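In case you want the letters, here they are:
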Amino acid sequence: MLSEPQIQRYARQLLLRDLGERGQEALGAVRVLLGLDGEAAGAAAAYLRAGGTEVSASSDTAAWASMPPLLGTAPLRPLTVTASPELPEPEGVVVGGRGGARVLWSVGADGCADCLRHATRHLGPPGHGSSGIQVGTLVALLVQRRALGVAAPMEGVEVSAAGTLSTLVAPACVHRPPAIPDDVLAELVHHLSAALPDEGCAVLVGGGDGVRLVPMANAQDAHRARDPEAFPRTARTAFTFEPRAWLALLRTLEASGGRILAIAHSHPDGGEHFSAEDRRSAAPDGQPLYPGVAHLLVAFRPGRPPVGRWGVWTDGDFAESACPLPEQS
Amino acid sequence: MTPDARIDITGEVCPMTFVRTKIALERLPVGGVLEVRLRGDEPLRNVPESARDAGHTVLGLEKLEDGTWRLLLRREAGRC
């Protein structure tokens, strides 16, 4: 609850929609470590402090930041502002330069560190241009949006050399498993269980109409019948998409603008982790065959519900995580 | 109707009239009723309108014998 001096001090901004008392408390609960210098740091610190957020600076050129806190409670939530190539951890804003433009990316604790690294990999240091004050006010805005909980997991803005603002589109994250609705997961489990005792396979596709399941046939036994040396395993322990169906799917997606989110297969023997064979076929030469496509494994176990497991290519290997499956009806 | 909370902003001027009202509404649970005592043309025009703009419901407004007004607001869902 705000004190009377706080209400008096922040009266004008308390009137703003999305702020109010709880918003003001959220601004006051943040402590910003400002890793910028020059005009941008001064402007960012001035706006943030005026808004009720404590700022500490790694550079003494931010004169505003060296002032003691005006009013407020103990700050709990650290937010970092960094100059490229340094990145904020776990949440905050990074400022970098590209040509004559400045680029700002804001990332939340719910954002993806790999996406941030990817989006900032070609940025140089922010530099010192005429837009320092403009950059500082944008830093303050991005920090306040994050403090108030109205920011996207990752959001960015670019200031051109001429001072024109444009918002940046956050990349679609390929470092984390995609979100798959429960009804699609249930449909997947149903399709895979129909293939038992063989391995089943399917593709999860995302597009304008949401996420959908594309059931695939396992062509492993057909391949093996033609060429047992190249395909030593049977469909009990391996899967291969039926090639014509796979090609048709890729063509359809190319025409419709859809995207493959995940390749799914089952382990009829209950193996709850990706096998060496799974890893080898997903990344034959140490690089993923389908970059940005996740792998979903459903392990069937006698007398117990199936378990789901994600495999996502991150930092040169498959990172596994649980994929909770809906209860079977 | 018995309000869940009361505030008196007869001694306040703009913008504190609505600042007080907004904070009092935010401190109520959704569905709670706030009684606001106000005086003068400016708050009479602005406070009910601002409350409506913020998504709350004006339940009633009546003039009292001492010349002040009694405004009843219901706190609706939303940030504030």
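In this report, the structure presented in the accompanying data block is examined. (Residues numbered from 1 in each chain as written. Chains lettered and ligands numbered in written order. Predicted model: local features only at pLDDT ≥ 70, side-chain atom pairs only at ≥ 80, totals over all residues.)

**Thoughts on the overall build of chain B**
Rules: Helix and strand assignments follow DSSP, with helices taken as H or I runs no shorter than four residues and strands as E runs no shorter than two, numbered in order from the N terminus. For the radius of gyration, the atoms used are the C-alpha atoms, and the globule rule reads 2.2 Å times the number of residues raised to 0.38. Partly exposed residues are those whose C-beta has more than 12 but fewer than 20 other C-beta atoms within 10 Å; 20 or more makes a residue buried and 12 or fewer makes it exposed, with C-beta atoms placed from the backbone. Any pair of residues counts as being in contact when their C-beta atoms, constructed from backbone geometry, are within 7 Å of one another.
Along the backbone of chain B there are two helices and four strands. Taken against the 2.2 N^0.38 rule, which gives 12 Å for 80 residues, the C-alpha radius of gyration of chain B at 11 Å falls within 12% of a compact globule. Taken across its 80 residues, chain B has 30% of its residues classed as buried. Of the contacts made within chain B by residues no fewer than 6 positions apart, 61% connect residues no fewer than 24 positions apart.

**With respect to helix α2 (residues 41-53) of chain B**
Residues and elements named next belong to chain B. To keep things clear, this is the line we draw: To estimate the expected span of a helix, count its residues, drop one, and scale the result by 1.5 Å.
Taking 1.5 Å per residue, 13 residues should reach 18 Å; α2 reaches 19 Å between its end C-alpha atoms and fits that length. Those residues of α2 that are buried lie in contact with α1 (16-26), β2 (33-38), β3 (57-63) and β4 (69-74). Looking at the residues trailing α2, positive phi occurs at G55, about 95°.

**Some thoughts on the sheet that holds strand β7 (residues 165-168) of chain A**
Residue and element names in this part refer to chain A. Condition: Should DSSP find at least two bridges between two strands, the strands are regarded as paired. Angular values range over 0 to 180 degrees, each being the angle between N-to-C directions of two axes fitted as lines to C-alpha atoms, with helices fitted over their stretch in contact.
Reading across the sheet, the seven strands line up as β2-β1-β3-β4-β5-β6-β7 and stay open at both edges, with mixed pairing between neighbours. Strands with a single pairing partner mark the edges of an open sheet, and in this sheet they are β2 (54-57) and β7. Each adjacent strand pair in this sheet contributes to an overall mean axis angle of 20°, direction not counted. Inspection of the sheet shows strand β3 (residues 77-83) paired to strand β4 (residues 92-98) by four bridges, in the parallel sense. Along β4, the bridge assignment pairs A83 with V95.

**As for the nonpolar core**
Residue and element names in this part refer to chain A. For clarity, the threshold we go by: Linking buried Ala, Val, Leu, Ile, Met, Phe, Trp, Tyr and Cys residues through C-beta atoms within 7 Å yields a set, and such a set is a nonpolar core.
Formed by 39 residues in total, the largest nonpolar core has its most connected members in L34, A44, V93, V95, W105, V139 and V143. Setting aside anything within four residues of it in sequence, one finds V93 in contact with V81, P88, L104, W105, S106, V139, L142 and V143. If you look at the next biggest cluster of nonpolar residues, it comprises 27 residues, including V189, A238, I263 and L297.

**Topic: the sheet that holds strand β10 (residues 259-267) of chain A**
Residue and element names in this part refer to chain A. Across the sheet, six strands lie side by side as β9-β8-β10-β11-β12-β13; this open sheet has mixed pairing. At either end of the open sheet lies a strand with only one pairing partner, and these are β9 (210-216) and β13 (317-323). Taken pair by pair, the neighbouring strands of this sheet meet at an average axis angle of 25°, ignoring direction. In this structure, β10 lies alongside strand β11 (residues 294-301), joined through six bridges in parallel fashion. Within β11, the position partnered with I263 by the bridge is H295. Packing of helix α7 (residues 182-194) onto the sheet brings it into contact with β8 (201-207), β9, β10, β11 and β12 (304-314), and relative to β9 it is tilted by some 5°. Packing against the sheet, helix α9 (residues 243-256) makes contact with β8, β9 and β10, and its axis sits at approximately 5° to β8.

**Side note on the environment of A50 of chain A**
Within the fold, A50 of chain A resides in helix α4 (residues 38-50). Measuring from C-alpha to C-alpha, the distance between A50 of chain A and A195 of chain A comes to 64 Å, with 145 residues separating the pair along the chain.

**Quick notes on the pairing of β2 of chain A**
Residues and elements named next belong to chain A. Note the cut-off: When the strands point away from the viewer and the connection leading from the first strand across the helix to the second strand turns clockwise, the crossover is called right-handed.
Two strands pair when backbone bridges link them, and strand β1 (residues 30-34) and β2 are joined in this way by four bridges, in the parallel orientation. Bridging across to β2, L34 finds its partner in A57. Each parallel crossover has a hand, and the one from β1 via α4 to β2 is right-handed.

**Section: the environment of T167 of chain A**
All names here are of chain A. Along the chain, T167 turns up in strand β7. Among the residues examined, T167 registers 9 C-beta atoms within 10 Å and is labelled exposed. T167 sits 64 residues away from V103 along the chain, and the two C-alpha atoms are 9.7 Å apart.

**Considering unusual backbone geometry**
Residue and element names in this part refer to chain A. With omega at 10°, the peptide bond leading from S84 into P85 counts as cis. With omega at 10°, the peptide bond leading from L196 into P197 counts as cis. One non-glycine residue, D18, lies in the positive phi region at around 70°. Take D18: it is sitting in the loop between α2 (11-14) and α3 (20-28). Looking at D18, the number of C-beta atoms within 10 Å reads 13, which means it is partly exposed.

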